[in-house]
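Structure assessment
Below, each chain spelled out in residue letters.
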Amino acid sequence: MASTTDRDLLIETIGAKNVFIRGFGFYENEVVQYATSSYPSDRTSPALIIKPKNREDIAATLEYAKNQGIAVAIRTGGHQYSGASSCTAPNIQLDLSETFQGPDDRTLLRKRGFLRTSVSWSLNEFSAYLAKNKIFVPHGQCIAVHLGGHVQSGGYGQLGRSFGLFGDHVTELEIVDHEGTPRTISRNNDPDLFKAILGGSPGNFCVVTHFTIKIYRDEDYEGSTGTKCMYLYTPETLERLLDIVVKMSDEKDKPMPRNYDLCVSVVSSGNNFLAHFPSKGKQLRDICNGDDDQDDIDKNLPTWPRLIFAWAQWVKLSPEDTYNPTWFNELKKDALPTSINLELAPTAMSKMTSKWWILDAVREYPMPYVKSTRVSDKKDLAESGWAKWITGRIEEVVAPSNNGLFICAQIQPFGGEESMTRKNADNGTSFSWRESTVCATLDCFHLPEKKAEALAWHKENETKVFGPKGNFSSKDMRVLWGSFGEYDFSKVWSAYHEDEAKYQFLRDQRRKHDPDGVFTPNTFCVPAAPGNKLPVRK
């Protein structure tokens, strides 16, 4: 346990207003993160929360932790589903959410096609900056996610087929290592550490402070278009849309061109509709109630109906490219007039990525959850009947009224011969499952008293979805940004990384770059290979 004197010296160095002690002051406000609703104390209760002002404060925190024999969890946005960006006492949390947001923490080299940015910006801030400068890069959808965890866990998003992952575009990483030394890492000067950081075990090799990425300019993709469709939920509509997803992933006729991206989402009644369509509240209410004279729904008390969303995009990659209207017409069938750009007017890529393909809310429902995200390695989902099966599983939660369960499902094809997520496989990163075809998230939020029902629904899904006879994937395949279930990484590593050779490589890098265990704050880490001075902190 840290002595009072040691802790006081750290607080004096960092500044009292930037250190939060468990049980005192504003700690309870600062400790809250996405996973707190479901893992309030057993994973997210560090002894200290430290908000460093600069790299020197980061180095001081790491030195303190090593001297005390404790570990540091690194948080930029705190959106990690399993709570792995936090820890429990005596370990401490390093919160970078506000550290690097000065004028020198973003530098755009637009003509050269590069952007240097810090990890402290949220996706909301980051996408707004991109739109202002008429540039874009693939990234995720949740506005409260910050760039540090996002880049290290991949940055999956709407542009997965057309451009790949957010992390695929990194050219340099600026870090503070376990000794407190600032370093710049690239594929050229330290390819092993570069590979380990991008996809291996986020926050467990160093503290990433900034990175440089390749960006794209709107004017180079003029003529691109997309539509953000909304439908009143019916199982028939959902199955029809998922059949389109399956057709894209199975590629039975011919390869699906890289130009196309699609994401299908389902939400229960009581959803946060305005996060998807911020200006469409009155219009949707009028459609549902048939009364144009009714006042808008109280934004603080939304009572939106069960809905389906389909985000469809086509990128004009070359002057000769033209889109297939039949593909869009299939998607637009039964879409409500509240949908966006049904006429398929050409739209700037930065507008679509910053305004349409982003969720304007911190979380989907204000309640605990049972989460599940997996990817598929199958190209026979039509034959396996997966679309019909998953529609039935979603219907079981969505159909009953007042059952205390709330679905948020999101299904997106990432694969195919032309997919850039697949083609970027050998780019020096360690993001897993590049050959995957579809990513499916099935999150069941629930009232506190309905946890058993949510778990039972999840457990039934698990019996059919993967394995030799699985209808979705031949084995358990997960992604680090969507972690769930088992929290001891050593017991479930094969679900997150393809093979033992890669796993051992990451373990060796952990031993090399975290010799004292200072970046090992919980069990959801790739464990270091034998030889470290300190055991894994739980």
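Parameters at a glance
- Residues numbered from 1 in each chain as written.
- Predicted model: local features only at pLDDT ≥ 70, side-chain atom pairs only at ≥ 80, totals over all residues.
- Heavy atoms only, no water.
- Helix = DSSP H or I, 4+ residues; strand = E, 2+ residues; numbered from the N terminus.
- Pairing = 2+ DSSP bridges.
- Axes fitted to C-alpha atoms, helices over the stretch in contact; angles between N-to-C directions.
- Contact = heavy atoms within 4.5 Å.
- Core = buried A, V, L, I, M, F, W, Y, C linked by side-chain atoms within 4.5 Å.
- Buried < 20%, exposed > 50% of the residue type's maximum accessible area, 1.4 Å probe, protein only.
- Expected span 1.5 Å × (residues − 1).
- Parallel < 35°, antiparallel > 145°, perpendicular 65-115°, else oblique.
- Nonpolar A, V, L, I, M, F, W, Y, C, P; charged D, E, K, R; others polar.
- Phe/Tyr/Trp six-rings, centres within 6.5 Å; stacked < 30°, edge-to-face > 60°.
- Lys NZ or Arg CZ within 6 Å of the ring centre and 35° of its normal.

Now for unusual backbone geometry. Negative phi values dominate among residues other than glycine, just as trans dominates among peptide bonds. A cis amide bond links Ala89 to the next residue, Pro90, at an omega of 10°. Within the secondary structure, Pro90 sits in the loop between strand S3 (72-75) and strand S4 (92-95). The phi dihedral of Leu344 is positive, around 60°, even though this residue is not glycine. In this fold, Leu344 is placed in the loop between helix H10 (325-332) and helix H11 (349-356).

Before going further, it helps to spend a moment on the sheet that holds S4. Two modes of strand pairing occur in sheets, parallel and antiparallel, and in both the strands are linked by backbone hydrogen bonds. Read across the open sheet, the 4 strands follow the order S1-S2-S4-S3; overall the sheet is mixed. At either margin of the open sheet sits one strand with a lone partner, and together these are strand S1 (19-21) and S3. Taking each pair of neighbouring strands and ignoring which way they run, the sheet shows an average axis angle of 20°. Packed onto the sheet, helix H3 (residues 55-68) meets strand S2 (48-50), S3 and S4 and runs at close to 170° relative to S4.

Strand order in the open sheet made by the 5 strands is S5-S6-S10-S8-S9, with antiparallel pairing throughout. A single partner strand is all that each edge strand has here, and the edge strands are strand S5 (106-109) and strand S9 (182-186). Between one strand axis and the next, the sheet turns through 15° on average, direction left out of account. Here 6 bridges tie strand S8 (residues 170-176) to strand S10 (residues 207-214), and the two strands are oriented antiparallel to one another. Bridge assignment links Val170 to a residue of S10, and that residue is Ile213. Across the face of the sheet, H3 comes into contact with strand S6 (114-118), S8, S9 and S10 while running at roughly 135° to S10.

Once that is clear, we can look at the nonpolar core. Of all hydrophobic cores here, the largest spans 74 residues; its most connected members are Phe126, Leu173, Val207, Phe211 and Ile213. In this structure, Ile244, Leu331, Ala409 and Val465 belong to the second largest nonpolar core, which totals 45 residues.

Among the 8 residues of strand S14 (residues 307-314), 8 are classified as buried, and the element is accordingly described as predominantly covered. Relative to S14, strand S12 (residues 225-232) is paired through 8 bridges, and the arrangement is antiparallel. In the sheet register, Met230 faces S14, and the bridge partner there is Phe309. Across 8 bridges, the pairing between strand S13 (residues 260-267) and S14 is antiparallel. Following the sheet pairing, Leu262 is matched in S14 by Ala312.

So, about helix H13 (residues 386-398). With 13 residues, H13 should reach 18 Å at 1.5 Å per residue; the first-to-last C-alpha distance of 18 Å fits that figure. Looking only at H13, the buried set comprises Trp386, Ala387, Trp389, Ile390, Thr391, Arg393, Ile394, Val397 and Val398.

A few words on the pairing of S5. Examined bridge by bridge, S5 and S6 share 4 bridges and lie antiparallel to one another. Across the sheet, the residue bridging to Leu109 is Phe114, located in S6. In this structure, the hairpin formed by S5 and S6 is closed by a connection of 4 residues, where Gly113 is found at a positive phi of approximately 85°.

This part covers the packing of helix H7 (residues 235-250) against H10. Between H7 and H10, the least distance of the axes is 9 Å, while the angle of their chain directions is 150°. Accordingly, the angle class assigned to the pair H7 and H10 is roughly antiparallel. Facing Arg240, Leu241, Ile244 and Met248 of H7, the residues of H10 in contact are Trp327, Glu330 and Leu331. Of the residues belonging to the contact of H7 with H10, the class tally is 5 nonpolar, no polar and 2 charged.

Across all of its chains, the model carries 28 aromatic pairs by this definition. Centroid distance Tyr487 to Phe524: 5.8 Å. Interplanar angle 10°. Geometry classified as stacked. Of the two residues, Tyr487 sits in the loop between helix H15 (451-465) and helix H16 (489-496) while Phe524 sits in the segment after helix H17 (500-513), which places them 37 residues apart along the sequence. Looking at Arg43, its charged tip hangs above the ring of Tyr487, at a distance of 3.8 Å from the centre. Positioned above the aromatic ring of Tyr369, the side-chain terminus of Lys371 is 4.9 Å from the ring centre.

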